[in-house]
Amino acid sequence: MEIERKFLLKNLPDNLDSYPFHQIEQGYLCTDPVVRIRRQNEEYYLTYKSKGLMVREEYNLPLTREAYEHLLPKIDSILISKKRYLIPTDSNLTIELDIFEGALAPLILAEVEFPTEEKALAFTPPEWFGEDVTYSPYYHNSVLSRKT
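What you see is a predicted model; the values in this text were computed from it and never measured. (Residues numbered from 1 in each chain as written. Predicted model: local features only at pLDDT ≥ 70, side-chain atom pairs only at ≥ 80, totals over all residues. Heavy atoms only, no water.)

Q: Lay out the pairing of strand S2 (residues 21–31) with the relevant residues and their values.
A: Alignment of S2 against strand S7 (residues 80–88), held across 6 bridges, turns out to be antiparallel. From the neighbouring strand, Ile-24 faces S7, where its bridge partner is Lys-82. Where S2 and strand S3 (residues 34–40) come together, 7 bridges link them in antiparallel fashion. In the strand pairing of S3, Gly-27 is matched with Ile-37. (Pairing = 2+ DSSP bridges. Helix = DSSP H or I, 4+ residues; strand = E, 2+ residues; numbered from the N terminus.)

The following block contains the structure:
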């Protein structure tokens, strides 16, 4: 189960380059339901996500590089490229700050995953967060992948 809130940003946090990051590319084989392939650094995954906004089912399966490259030409949308910074919070959560590249630049989104819906609803975002877009399907990566 994935329990996640998404935010636009007012500004970037201080010392962004001091945080670890992943280079990610992902494409969608299907967007209803969501079936995605992802390369995160040198790891590869096939992911299924159910419908939903803040809460939805998510299953990740490992792929080989060869399987990923075989599936890559089959995506039915743009390939999303982004740099994901991992920023710890005081409440033992991690902010995943995505800086989109290519066709989706200059979009920047912050996502926070939670262990329960109650903790998600009780979350107070940091000052540098902007609008909460959790309940807007427009900011799902599967929807963004169809933008050109």
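Q: Explain a nonpolar patch on the surface residue by residue, including any values.
A: A surface patch of nonpolar side chains, amounting to about 320 Å² of accessible area, comprises Leu-53, Leu-121 and Tyr-135. Along the chain, Leu-53 falls in the loop between strand S4 (43–49) and strand S5 (55–56). According to the relative accessible area criterion, Leu-53 is partly exposed, its value standing at 33%. (Patch = residues over 30% accessible without salt bridge, like charges linked within 9 Å, V, L, I, M, F, W, Y side chains within 5 Å. Areas by Shrake-Rupley, 256 points an atom, 1.4 Å probe, with all protein chains shown as cover. Salt bridge = Lys/Arg side-chain N within 4 Å of Asp/Glu carboxyl O. Buried < 20%, exposed > 50% of the residue type's maximum accessible area, 1.4 Å probe, protein only.)

Q: Lay out the side chain of Arg-5 in plain terms, naming residues and giving numbers.
A: Within the element layout of this structure, Arg-5 appears in strand S1 (residues 2–9). Arg-5 sits in the buried class, given a relative accessible area of 11%. At 3.4 Å, the side chain of Arg-5 and the backbone oxygen of Phe-123 are in polar contact. Here the side chain of Arg-5 touches Asp-132 through a polar contact of 2.6 Å, side chain to side chain. Aside from chain neighbours lying at most four places away, what touches Arg-5 is Met-54, Ala-110, Glu-111, Val-112, Phe-114, Ala-120, Leu-121, Phe-123, Asp-132 and Thr-134. (Polar contact = N/O pair within 3.5 Å; in protein donor to acceptor, adjacent residues only side chain to side chain. Contact = heavy atoms within 4.5 Å.)

Q: Outline the pattern of salt bridges, supporting the account with residue identities and numerical values.
A: All told, the structure shown has 13 salt bridges when counted by the stated rule. Between Glu-58 and Lys-49 there is a salt bridge whose closest N-O contact spans 3.2 Å. Overall, the relative accessible area of 8% leaves Lys-49 in the buried class. Linking Glu-96 and Arg-84 is a salt bridge whose minimum nitrogen-to-oxygen distance equals 3.5 Å.

Q: I'd like to hear about the packing of aromatic side chains, residue by residue, with values.
A: This model, assessed by the stated rule, comprises 9 aromatic pairs. Between the aromatic rings of Phe-123 and Phe-129, the centroid separation amounts to 6.5 Å while the plane-to-plane angle is 55°, which identifies the pairing as tilted. The exposure classification of Phe-123 matches that of Phe-129, with both residues buried. Centre to centre, the rings of Tyr-138 and Tyr-139 are 4.9 Å apart; their planes meet at 85°, and the pair counts as edge-to-face. Using a relative accessible area of 39% as the deciding quantity, one classes Tyr-138 as partly exposed. The rings of Phe-7, Phe-114, Phe-123, Trp-128 and Phe-129 are connected pair by pair, giving a single aromatic cluster. The ring of Phe-21 is capped by Lys-83, whose NZ or CZ atom sits 4.2 Å from the centre of that ring. (Phe/Tyr/Trp six-rings, centres within 6.5 Å; stacked < 30°, edge-to-face > 60°. Lys NZ or Arg CZ within 6 Å of the ring centre and 35° of its normal.)

Q: Just give me the short version of the environment of Ile-75, but keep the residues and values in it.
A: Note on placement: Ile-75 falls in the loop between helix H1 (65–71) and S7. Expressed as a C-alpha distance, the spacing of Ile-75 and Leu-29, which sit 46 residues apart in the sequence, is 4.6 Å. Apart from the residues lying within four places of it in its own chain, the contact partners of Ile-75 are Gly-27, Tyr-28, Leu-29 and Ile-37.

Q: Break down the pairing of strand S8 (residues 94–101) for me, citing the residues and quoting the values.
A: Direction of pairing for S7 relative to S8: antiparallel, over a ladder of 8 bridges. Opposite Leu-86, over in S8, you have Glu-96 as the bridge partner. Here S7 folds back onto S8 in antiparallel fashion, the turn holding 5 residues, of which Asn-92 has a positive phi close to 60°. The pairing of S8 with strand S9 (residues 108–113) spans 5 bridges and is classified as antiparallel. Within S9, the position partnered with Asp-98 by the bridge is Leu-109. Counting the residues between successive antiparallel strands, the hairpin from S8 to S9 contains 6 residues, one of them, Gly-102, with a positive phi of roughly 65°.

By themselves, these observations are geometric and do not establish any function.
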